[in-house]
Amino acid sequence: MLVRSSSSASVESATQEEGADSSGEWSGDAIRRRFLDFYASRGHKILPSSSLVPDDPTVFLTIAGMLQFKPIFLGKEPRRVPCATTSQKCIRTNDIENVGRTTRHQTFFEMLGNFSFGDYFKKEAITWAWELTTKEFGLPPERLWISVFEDDDEAFSIWHNEVGVPKERIKRLGEDDNFWTSGATGPCGPCSEIYYDFHPERGSTDADLGDDSRFIEFYNLVFMQYNKKDDGSLEPLKQKNIDTGMGLERMARILQKVPNNYETDLIFPIIEKAASMAIVSYTTADDAIKTNLKIIGDHMRAVVYLISDGVIPSNIGRGYVVRRLIRRVVRTCRLIGIRGDGHGNSEGAFLPSLAEVAIRLSTEIDPDVESRRKSILGELQREELRFVQTLERGEKLLDELLDEALLSAGNNGGKCSLSGKDVFLLYDTYGFPVEITAEIAGERGVSVDMKGFDIEMENQRKQSQAAHNVVKLSVGNDTEIVKSIPDTEFLGYDYLSATAVVKGILVNGNPVNDVSEGSDVEILLDRTPFYAESGGQVGDNGFLYVYGKEDRQQKAVIEINDVQKSLGNIFVHKGTIKQGSVEVGKEIDAAVDAKLRQGAKAHHTATHLLQSALKSVIGSETSQAGSLVAFDRLRFDFNFHRPLSEEELVEIESLVNQWVSHATHLETKVMDLQDAKNAGAIAMFGEKYGEQVRVVEVPGVSMELCGGTHVSNTAEIRGFKIISEQGIASGVRRIEAVAGDAFVEYVCARDNYMRRLCSSLKAKAEDVNGRVETVLEELRTTRNEVSSLRGKIAVLKAASLASKATTVEPQNVRVMVENMGDVDGDGLKSAAEYLIDTLEDPAAVILGSTPGDGKVSLVAAFSPGVVKMGIQAGKFVGGIAKLCGGGGGGKPSFAQAGGRKPENLPGALENARDEIVAAISSKSS
């Protein structure tokens, strides 16, 4: 274990400089600094917060401080330091309905933590936590209560005998409260929590630590000392670990002496801004408005940090979490009367003004937020303005639902109520506040089924909890093989072939000692020239060869079609045994397909150049949102709010090709992570970095942290061509392009297409555009002529039918319902317009046809006299179209519809005749 000073003199001096101010008040930033400095003085390495988007497929968002250390706790990665301390950004949405309503629930929060990876354990964790809490933060010891696991006598003894906490203030709690597990199996252990007592005058008799009105738990210590096996039994871990968490907002609430987390200086400035925009006073506001202001304060922090970390609003995955939070803020702001941007524009978006405050508060925890200000504010503005339109559609839907509820109650004589499902639909899909739904419904005499709504909300909450509130640390079937196989040494930066030793073989995920021809295998080597998929770059292809020791005759051939990283840094070579057999311990020759590797190198370097060109052309605020580097193409996803213009694409392409033509030598170096960032290196999306990083630089053009393979000189890229640019999600665009040999093949193929086109059009390449435009114009003219002729034929046909119109008495309405055969939709329209003019007012014309391809066309044209009777063409034709398997509508005087069942048209027209006559006749009674 590291030797650490038991004195906290250095930290105590810091107390006077940067802790409580002269009035004794603590800022949130000062609390964070004090925590980190305290543990740094005791040998802990201060590490930065990881992204809210975790590098872990089992976890949706970063929900705990320990998440970035999960591979170390599992033994899948070696520890880089013996112990560490962090302030981690976290997001939890499983209790979103409690935000603003309790004193402590939040979606975004900071978790201060200290971690030991087999270094110190229970005694140090407890005594330091007490020292930090009572001496550094100055909390009165008599106000602190402790919980321990019911069977953890060791922790109880340390708290009582060494720290000096009275027995009556140490509570033994059961497994549900004080035993931490990561899942059905895996690391686990007892935990101990420190609670602050707001009302010590109530005494210790029958004190309940679960009483939120009296206690708040602010520091949790997890003693990770067991491994839970499949049968539920516990075995001691060889390496015991410490995982702790102190809620920054909770400690700020205690030290700043405010009644809830929201009124701390970490959140309250956002609340004050929202209150000023709503022209209300938080101090004098009623409980409902205060709750809404707290929701706004909390959610604005969450969306700002999520967007900063690359999560763009969408309807799927993490993007839906951001969209839901943004919509909740928008509707809550509107509920308390916020309109306009706060700068005189009543139609503008108000979220950017609130986000400005959240960004200003972000400096200490995440300096990158400020640098992404422009993209954050732009995304919030676009999303808000889009949602306002959705909200207005929700208002229309509510009106329709209320009409239906009133009609149903009138017909059935029952109670007039809006169902819980309908209320939930408005809330979840359209972002319509329940409070507004209930208020509007009440004004029209309709009650709301809140019980049904609560059931729908509970179902959603359970699904959300099940999906997003667990960090799983499970040890799978590969545990034993992991223990025996070291990390793979990667040789591929310098070599495309190498000798290696087979360290493990897997078939269907199970370890075997040998395997023969025809089998699909996963082979683990001690070292390899094969690149394993990461950073967007695909894994190498190639072959493994086994030779006889004496005669060097080829004994086995394994074709490798993919390489993946697994269990930390072990390379898994996936392929098929084409010849012979292979066994563990054998020496092999590994050979990478050089042509494919060169394709990947060209596309990877081209991707770096593309990102630099994008930042140069459309703005430095754009950022990478994903990538694919394949042998034959590249795909680059980036955050941007609109399609790129043709001129911008040409400029980007030109820039990249210009840099390619400069024949610049690339430079690669290994640097400290912070030094690389200070030098301006860009981090690749989704990558996890250690303290030492590889930096790939195209001098004067690009500098990125990247573990991928690259060309040595930009001239090797040969050329770059953008194939497509499109949107793949709200605020996310995608460029696909080719480089290297793929570029040459693409250009040659396009040239071949152009030659054929020139031959067909009998034109030179430079004249093709003009020739195509001429052909298209001729085609349009011909089509218009054909359409005009068809219309005239339809009109002539209609003229011959005009005499068939019947008269409905006593209003003398002329009615015509006819099947026009195979007349198309435009011709049908022309015929109806002719007939309605010929028959004169009042008249009703309903025509149908079957133009082919299994289609039905319908038209209804009603003169003003018929429309005045309350008979509308739009509503009428829709009902007829349903009989033909379709639908449609339009204006009261003219409407069109279609269908997919031509065999039903005769019956539908007969039905139309009966209905229109009945409708007109009813108006005379």
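Residues numbered from 1 in each chain as written. Predicted model: local features only at pLDDT ≥ 70, side-chain atom pairs only at ≥ 80, totals over all residues. Heavy atoms only, no water.

Engineer: Mind laying out the pattern of salt bridges, listing which residues take part and the relevant values?
Structural biologist: It is possible for side chains bearing opposite charge to pair when their charged atoms get close. Applying the stated criterion across every chain yields a total of 35 salt bridges. Measuring nitrogen to oxygen at the nearest pair gives 3.6 Å for the salt bridge that ties Asp211 to Arg202. A relative accessible area of 27% means that Asp211 is categorised as partly exposed. The residue Glu648 makes a salt bridge to Arg642 at a minimum N-O spacing of 2.8 Å. Under the relative-accessibility criterion, Glu648 is labelled buried at 14%. By sharing partners, the salt bridges in this structure join Arg323, Glu379, Arg382, Glu383 and Arg386 into a single network. (Salt bridge = Lys/Arg side-chain N within 4 Å of Asp/Glu carboxyl O. Buried < 20%, exposed > 50% of the residue type's maximum accessible area, 1.4 Å probe, protein only.)

Engineer: Describe in detail the packing of aromatic side chains, supporting the description with residues and values.
Structural biologist: Taken as a whole and assessed by the stated rule, the structure comprises 26 aromatic pairs. A centroid spacing of 5.2 Å and a plane angle of 50° characterise the contact between Phe69 and Phe117, whose relative ring orientation is tilted. Residue Phe69 is located in the loop between strand 1 (45-46) and helix 3 (70-73), and its partner Phe117 is located in strand 3 (residues 108-117); the two are separated by 48 residues in the primary sequence. Ring geometry for Phe543 versus Tyr545: centroids 6.0 Å apart, planes at 25°, classification stacked. Joined through ring pairs, the aromatic side chains of Phe35, Phe38, Tyr39, Tyr120, Trp128 and Tyr219 make up one cluster. (Phe/Tyr/Trp six-rings, centres within 6.5 Å; stacked < 30°, edge-to-face > 60°. Helix = DSSP H or I, 4+ residues; strand = E, 2+ residues; numbered from the N terminus.)

Engineer: So what about the side chain of Asn639? Which residues, and what values?
Structural biologist: Within the fold, Asn639 resides in strand 24 (residues 634-639). Within the structure, Asn639 has its side chain in polar contact with the side chain of Ser623 (distance 2.8 Å). What Asn639 contacts, discounting residues up to four positions off in sequence, is Gly310, Ile312, Thr622, Ser623, Gln624, Ala625, Gly731 and Val732. (Polar contact = N/O pair within 3.5 Å; in protein donor to acceptor, adjacent residues only side chain to side chain. Contact = heavy atoms within 4.5 Å.)

Engineer: Explain the pairing of strand 5 (residues 170-173) to me, using residue names and the numbers behind them.
Structural biologist: A regular strand carries its side chains on alternate faces of the sheet. Pairing analysis gives 4 bridges linking strand 4 (residues 144-149) to strand 5, with the strands arranged parallel. When the bridges of strand 5 are listed, Ile146 appears paired with Ile170. Taken together, strand 4, helix 5 (residues 153-163) and strand 5 form a β-α-β motif whose crossover is right-handed. (Pairing = 2+ DSSP bridges. Right-handed = clockwise from strand over helix to strand, strands pointing away.)

Engineer: Requested: an account of the sheet that holds strand 31 (residues 806-808), with residues and values cited.
Structural biologist: Strand order in the open sheet made by the 6 strands is 31-32-33-34-36-35, with mixed pairing throughout. Two strands bound the open sheet, and with one partner strand each, they are strand 31 and strand 35 (887-890). Across the sheet, the mean angle separating the axes of adjacent strands is 20° when strand polarity is ignored. Pairing analysis gives 6 bridges linking strand 32 (residues 813-819) to strand 33 (residues 843-852), with the strands arranged parallel. Along strand 33, the bridge assignment pairs Asn819 with Gly848. Each of strand 33, strand 34 (855-862), strand 35 and strand 36 (894-899) touches helix 25 (residues 873-883); the most contacted strand, strand 36, lies at about 15° to it. (Axes fitted to C-alpha atoms, helices over the stretch in contact; angles between N-to-C directions.)

Engineer: Before we move on, could you go through the environment of Arg733 and cite the residues and values that matter?
Structural biologist: Tracing the sequence through the fold places Arg733 in strand 30 (residues 732-739). Classification of Arg733 as buried rests on a relative accessible area of 12%. Spatially, the C-alpha atom of Arg733 lies 6.2 Å from that of Phe640, the residues being 93 residues apart in sequence. In contact with Arg733, other than residues within four places in its own chain, are Phe636, Asp637, Phe638, Phe640, Arg642, Pro643, Glu725, Gln726 and Gly727. One polar contact links Arg733 to Glu725, side chain to side chain, over a distance of 2.7 Å.

Engineer: An account of unusual backbone geometry is needed here, citing residue identities and associated values.
Structural biologist: Note the cis peptide between Glu809 and Pro810, where omega equals 0°. Position of Pro810 among the secondary structure elements: in the loop between strand 31 and strand 32. The omega angle of the peptide bond from Asp841 to Pro842 is 0°, so this bond is cis rather than trans. Relative to the helices and strands, Pro842 resides in the loop between helix 23 (825-839) and strand 33.

Engineer: Can you tell me about the packing of helix 22 (residues 768-801) against helix 23, naming the residues and giving the values?
Structural biologist: Two elements in contact, helix 22 and helix 23, have axes separated by 8 Å at closest approach and are oriented at 45°. In terms of their interaxial angle, helix 22 and helix 23 are classed as oblique. Crossing of helix 22 over helix 23 shows right-handed handedness. Residues Ser787, Gly791, Ala794, Val795, Ala798 and Ala799 of helix 22 form the contact with helix 23, whose own contacting residues are Asp826, Gly827, Ser830, Ala831, Tyr834 and Leu835. Taken together, the residues that form the contact of helix 22 with helix 23 break down as 7 nonpolar, 4 polar and 1 charged. (Parallel < 35°, antiparallel > 145°, perpendicular 65-115°, else oblique. Left-handed = near helix turned anticlockwise from the far one by under 90°. Nonpolar A, V, L, I, M, F, W, Y, C, P; charged D, E, K, R; others polar.)

Engineer: Talk me through the nonpolar core; I want residue IDs and the actual numbers.
Structural biologist: Side chains that are nonpolar tend, in soluble globular proteins, to be buried together. In terms of nonpolar packing, the biggest core is built from 95 residues, with Trp159, Phe218, Tyr219 and Met300 touching the most fellow members. Looking at which element gives the most residues to this core, the answer is helix 9 (residues 287-308), with 10 residues. The contact partners of Phe218, leaving out residues within four places of it in the chain, are Thr133, Leu139, Leu144, Ile194, Tyr195, Tyr196, Gly245, Met246, Gly247, Arg250, Met251 and Ile254. Formed by 30 residues, the second largest nonpolar core is a distinct cluster that contains Ala602, Leu649, Trp659 and Val660. (Core = buried A, V, L, I, M, F, W, Y, C linked by side-chain atoms within 4.5 Å.)

Engineer: Explain the environment of Ser566 to me, using residue names and the numbers behind them.
Structural biologist: Mapping Ser566 onto the fold places it in strand 19 (residues 554-566). Along the sequence, Ser566 and Ile836 sit 270 residues apart, while their C-alpha atoms lie 75 Å from each other.

Engineer: Which residues make up the UniProt feature "binding site: Zn(2+)" (unreviewed entry) in the chain, and what values go with them?
Structural biologist: Within the UniProt annotation, "binding site: Zn(2+)" (unreviewed entry) is assigned to His604, His608, Cys706 and His710. For this annotated set, covering 107 residues, all C-alpha atoms fall within 9.9 Å of each other, a compact arrangement in space. With respect to the secondary-structure elements, Cys706 resides in the loop between strand 28 (702-705) and strand 29 (720-729). Tracing the chain through its elements places His710 in the loop between strand 28 and strand 29. A residue is classified by how much of its surface remains accessible, and His710, at 11% relative accessible area, is buried. Contact partners of His710, with chain neighbours within four places excluded, come to Lys601, His604, Thr605, His608, Leu666 and Val696. (UniProt positions renumbered as here; feature names shortened; annotations may be inferred.)

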